[in-house]
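Observations on the model geometry
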Amino acid sequence: MDIRVITDRYAVSPQIEPGDVAELKDAGFTTVICNRPDPEVPVELQAAAIQAAVEAAGLHFVLNPVVHGQLTQDILDVQGTAIDEASGKCFAYCASGNRSTVVWALANAGRIPTEQIIAAGEAAGYQIEKMRDQLEMLAGG
């Protein structure tokens, strides 16, 4: 598994498998967020399979699929609420970790300084500098 830390409470990765959940629990994650739509993966990696493994391990699962080109405020709100209400660290996954990073960044615009958001994403290997204007707009700046 390629876990990339964004903040001390949020990390992302590419697609996970049910067998990866024990490692997530051992790493201290309490919430797993699925940002990958089911049509992108085979049945054994779809949300229901991951959710069953997550819940069997005693962790909280949040389904928040992000379809390319269809990002909405509702998706940002679900992601932000899941992170805010988590009892510990959150882990989110998608195809590469990029969508999970983008949703985190946009959900935190105005809550975390734009420079810090961009730096956190880029330190994890996700180029989000191109989102600067959008982050500033959402932050009200």
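Report follows, based on the coordinates. (Residues numbered from 1 in each chain as written. Predicted model: local features only at pLDDT ≥ 70, side-chain atom pairs only at ≥ 80, totals over all residues. Heavy atoms only, no water.)

We now examine the pattern of salt bridges. All told, the structure shown has 6 salt bridges when counted by the stated rule. Note that Arg 36 and Glu 40 form a salt bridge whose closest N and O atoms lie 2.8 Å from each other. Accessibility expressed as a relative area gives 15% for Arg 36, which makes it buried. The partly exposed category is assigned to Glu 40, whose relative accessible area is 32%. The salt bridge partner of Asp 84 is Arg 111, with a shortest N-O separation of 2.8 Å. Of this pair, Asp 84 sits in helix H3 (residues 73–85) while Arg 111 sits in the loop between helix H4 (98–107) and helix H5 (114–123), and the two are 27 residues apart along the sequence. Through salt bridges that share partners, Arg 36, Glu 40 and Arg 99 make up one connected network. (Salt bridge = Lys/Arg side-chain N within 4 Å of Asp/Glu carboxyl O. Buried < 20%, exposed > 50% of the residue type's maximum accessible area, 1.4 Å probe, protein only. Helix = DSSP H or I, 4+ residues; strand = E, 2+ residues; numbered from the N terminus.)

One face of the sheet, then the other: side chains in a regular strand alternate in exactly this way. For strand S3 (residues 29–34) and strand S4 (residues 60–63), the ladder comprises 4 bridges, and the chain directions are parallel. The residue bridging Val 32 from the neighbouring strand is Phe 61, located in S4. Regarding the hand of the β-α-β motif, the stretch spanning S3, helix H2 (residues 47–56) and S4 is right-handed. (Pairing = 2+ DSSP bridges. Right-handed = clockwise from strand over helix to strand, strands pointing away.)

Okay, the packing of H5 against helix H6 (residues 132–139) next. Between H5 and H6, the least distance of the axes is 10 Å, while the angle of their chain directions is 140 degrees. Our classification of the angle between H5 and H6 gives oblique. At the point where H5 passes H6, the crossing takes the right-handed sense. Of H6, the residues touching H5 (which contributes Thr 114, Glu 115, Ile 117 and Ile 118) are Arg 132, Leu 135 and Glu 136. Residues that form the contact of H5 with H6 fall into these classes: 3 nonpolar, 1 polar and 3 charged. (Axes fitted to C-alpha atoms, helices over the stretch in contact; angles between N-to-C directions. Parallel < 35°, antiparallel > 145°, perpendicular 65-115°, else oblique. Left-handed = near helix turned anticlockwise from the far one by under 90°. Contact = heavy atoms within 4.5 Å. Nonpolar A, V, L, I, M, F, W, Y, C, P; charged D, E, K, R; others polar.)

The next point concerns the nonpolar core. By size, the foremost hydrophobic cluster in this structure holds 29 residues, and its most contacted members are Tyr 10, Trp 104 and Leu 135. Contributions of two or more residues to this core are made by strand S2 (10–13), H3, strand S5 (89–93), H4 and H5. The element that contributes the greatest number of residues to this core is H4, accounting for 6 residues. Ignoring any residue separated from it by four or fewer positions in sequence, one finds Trp 104 in contact with Ile 6, Thr 7, Tyr 10, Ile 83, Ile 112, Ile 117 and Ala 120. Core analysis: the next-biggest nonpolar cluster, separate from the first, contains 16 residues, Leu 24, Cys 34, Ile 50 and Ala 53 among them. (Core = buried A, V, L, I, M, F, W, Y, C linked by side-chain atoms within 4.5 Å.)

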